[in-house]
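# Descriptive analysis of the structure
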Amino acid sequence: MRIRYFADLHYSEDVRDMALDAERAAFFSSALDAFSAPGADLLVSLGDVSTTSRPESMRHVHDALERAPFPVHYVYGNHDTMFVNEAHMDQIFGRTADYSFDQGGVHFVVIDTTKPFPRSIDEWGGHVSTSQLEWLGSEVRSAQGRPLVVMGHHALSGTMSFIDDDIEKAYVDNSDEVLEVLGSHVGGAGIYLCGHTHHNAYGTLGAWHFIMLADVPATAGYLELDFKPSCAEVAYRHFDDAEEHPFSQGLPLYQAHTRTHAESGCTFENVVIPL
């Protein structure tokens with residue numbers, strides 16, 4: 001079973017320099033083609049498919065990925081829910097913010113780590129509510145004895161090192177409570193995947209493995225988890241070779257980086273997760 005992941009697509013139909021618009025359109029078209037190409041069993045966006053929370057932009061991504069020959073799942077990011085409430089998000093993506101499913105002997109959990117709408121544009125850190133923690137605990141209990149994959153947008157503090165790892169808003173602000181719940185899982189691998197920080201990173205804590213993906217406009221990158229009988233192999237791929245993408249300098253509410261800066265030397269080479 002192969003799961004394909006991307007994070008922080010930041011799709012936008014707006015660009016401040018119209019001379020870069022053709023490049024913008026071509027880049028996002030290539031990204032959506034790569035993500036939906038045959039060769040995977042499941043596709044997951046780890047949040048921030050949009051830049052400015054425009055429903056039209058999110059619908060464009062959803063409709064483009066509908067052609068994928070496998071199911072597509074969406075984690076909500078802070079840019080997605082900046083100006084759109086959860087009910088509207090559910091309508092766009094045909095999912096709810098928090099849910100779980102089973103596939104290939106693995107239990108998958110999607111959890112919304114964004115702060116509740118409405119909120120200030122400066123409130124881009126993460127939080128998991130008391131009711132979400134209780135629900136997550138029940139999902140962990142149901143997954144005892146088999147692999148568990150949890151997917152959120154924000155990082156959990158103390159699990160990975162990366163550039164800017166001292167910025168509080170990179171994390172779920174009650175990460176210790178989330179980690180306590182996750183730590184009760186036994187009898188199978190635990191994997192947590194996220195985006196948000198625009199950096200790649202990998203770390204372990206106890207029996208858990210933590211994977212963070214950088215933003216697509218900086219890296220043209222995505223990740224695949226290939227589940228084998230005894231392990232999950234991690235492969236990191238690019239759909240183009242450019243070190244930087246000039247159009248991204250013109251995206252609203254987005255800070256552009258080079259590939260080298262965003263990947264920070266982490267390309268997940270030789271990462272194998274025992275199951």
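As a reminder, the structure under discussion sits directly above these lines.
Throughout what follows, the structure given in this document is the object of discussion. The model shown is predicted, which means the values in this text are computed figures rather than measured ones.

## Quick word on the nonpolar core
The biggest cluster of nonpolar side chains holds 39 residues, and the ones touching the most others in it are Phe-6, Leu-9, Phe-35, Leu-65, Phe-93, Val-216 and Phe-239. If you list the elements that add at least two residues to this core, you get helix H1 (21–36), helix H2 (55–65), strand E3 (72–74), helix H3 (86–93) and helix H6 (216–219). It is H1 that provides the largest number of residues to this core, a total of 6 residues. For Phe-93, the contacting residues outside a window of four places in its chain are Val-49, Met-58, His-62, Tyr-74 and Tyr-76. Core analysis: the next-biggest nonpolar cluster, separate from the first, contains 29 residues, Ile-3, Phe-108, Ala-189 and Leu-223 among them.

## Quick word on a nonpolar patch on the surface
A contiguous nonpolar patch, built from Phe-83, Ile-121 and Leu-253 and spanning about 300 Å² of accessible area, is present on the exposed surface. One can find Leu-253 in the loop between strand E11 (231–238) and helix H7 (259–263).

## A word on helix H4 (residues 130–142)
Because an α-helix packs 3.6 residues into every turn, residues spaced three or four apart end up facing the same way. Taking 1.5 Å per residue, 13 residues should reach 18 Å; H4 reaches 19 Å between its end C-alpha atoms and fits that length. All of the buried residues in H4 are Gln-132, Leu-133, Leu-136, Gly-137, Glu-139 and Val-140. Around the axis of H4, the buried residues are gathered within 165° of arc, so they sit on the same side. Exposed side of H4, more than 90 degrees from the buried face: Thr-130, Glu-134 and Arg-141 are the residues found there. Here the buried face of H4 lies against strand E4 (99–103), strand E5 (106–110), strand E6 (148–151) and helix H5 (175–182).

## Quick word on the sheet that holds strand E1 (residues 2–6)
The sheet built from 6 strands is open, its strands ordered E3-E2-E1-E10-E11-E12 with mixed pairing. Each edge of the sheet is formed by a strand with only one pairing partner; in this case those strands are E3 and strand E12 (272–274). With direction set aside, neighbouring strand axes in the sheet form an average angle of 20°. Note that strand E10 (residues 221–227) and E11 share 7 bridges and pair antiparallel. Considered in E11, the bridge of Leu-225 is made with Val-234. Running at roughly 155° to E3, H2 makes contact with E1, strand E2 (42–45) and E3 of the sheet.

## Points about the sheet that holds E6
Spatial strand order, E4-E5-E6-E7-E9-E8: 6 strands in an open sheet with mixed pairing. On the outer flanks of this sheet lie E4 and strand E8 (201–205), each paired with one strand and no other. On average, each strand axis in the sheet is tilted by 20° relative to the strand beside it, whichever way the strands run. Both E5 and E6 contribute to a ladder of 4 bridges, which runs parallel. Its bridge partner lying in E6, His-107 is registered against Leu-148. The strands touched by H4 are E4, E5 and E6; relative to E5, the strand with the most contacts, the crossing angle is about 170°.

## Remarks on the packing of aromatic side chains
The full count for this structure, using the stated rule, is 16 aromatic pairs. On the numbers, 5.5 Å between centres and 75° between planes, the contact of Phe-28 with Phe-247 is edge-to-face. On the criterion of sequence distance, the pair formed by Phe-28 in helix H1 and Phe-247 in the loop between E11 and H7 is long-range, its members being 219 residues apart. Classification of Phe-247 by relative accessible area gives buried; the value is 0%. The interplanar angle of 40° and the centroid separation of 6.2 Å between the aromatic rings of Tyr-76 and Phe-93 together place this pair among those described as tilted. Of this pair, Tyr-76 sits in the loop between E3 and H3 while Phe-93 sits in helix H3, and the two are 17 residues apart along the sequence. The pair Tyr-76 / Phe-93 is uniform in exposure class, with both members buried.

## Description of the environment of Phe-28
Phe-28 sits in the buried class, given a relative accessible area of 1%. Taking C-alpha positions, Phe-28 is 31 Å from Leu-148, a pair spaced 120 residues apart along the chain. In this structure Phe-28 touches Leu-9, His-10, Tyr-11, Ser-12, Phe-247 and Leu-251, once residues within four positions along its chain are discounted.

Definitions and limits used
Residues numbered from 1 in each chain as written. Predicted model: local features only at pLDDT ≥ 70, side-chain atom pairs only at ≥ 80, totals over all residues. Heavy atoms only, no water. Core = buried A, V, L, I, M, F, W, Y, C linked by side-chain atoms within 4.5 Å. Buried < 20%, exposed > 50% of the residue type's maximum accessible area, 1.4 Å probe, protein only. Helix = DSSP H or I, 4+ residues; strand = E, 2+ residues; numbered from the N terminus. Contact = heavy atoms within 4.5 Å. Patch = residues over 30% accessible without salt bridge, like charges linked within 9 Å, V, L, I, M, F, W, Y side chains within 5 Å. Areas by Shrake-Rupley, 256 points an atom, 1.4 Å probe, with all protein chains shown as cover. Salt bridge = Lys/Arg side-chain N within 4 Å of Asp/Glu carboxyl O. Expected span 1.5 Å × (residues − 1). Arc of directions from axis to C-beta. Pairing = 2+ DSSP bridges. Axes fitted to C-alpha atoms, helices over the stretch in contact; angles between N-to-C directions. Phe/Tyr/Trp six-rings, centres within 6.5 Å; stacked < 30°, edge-to-face > 60°.

Note that every value here comes from positions in space, so none of it alone points to a role or purpose.
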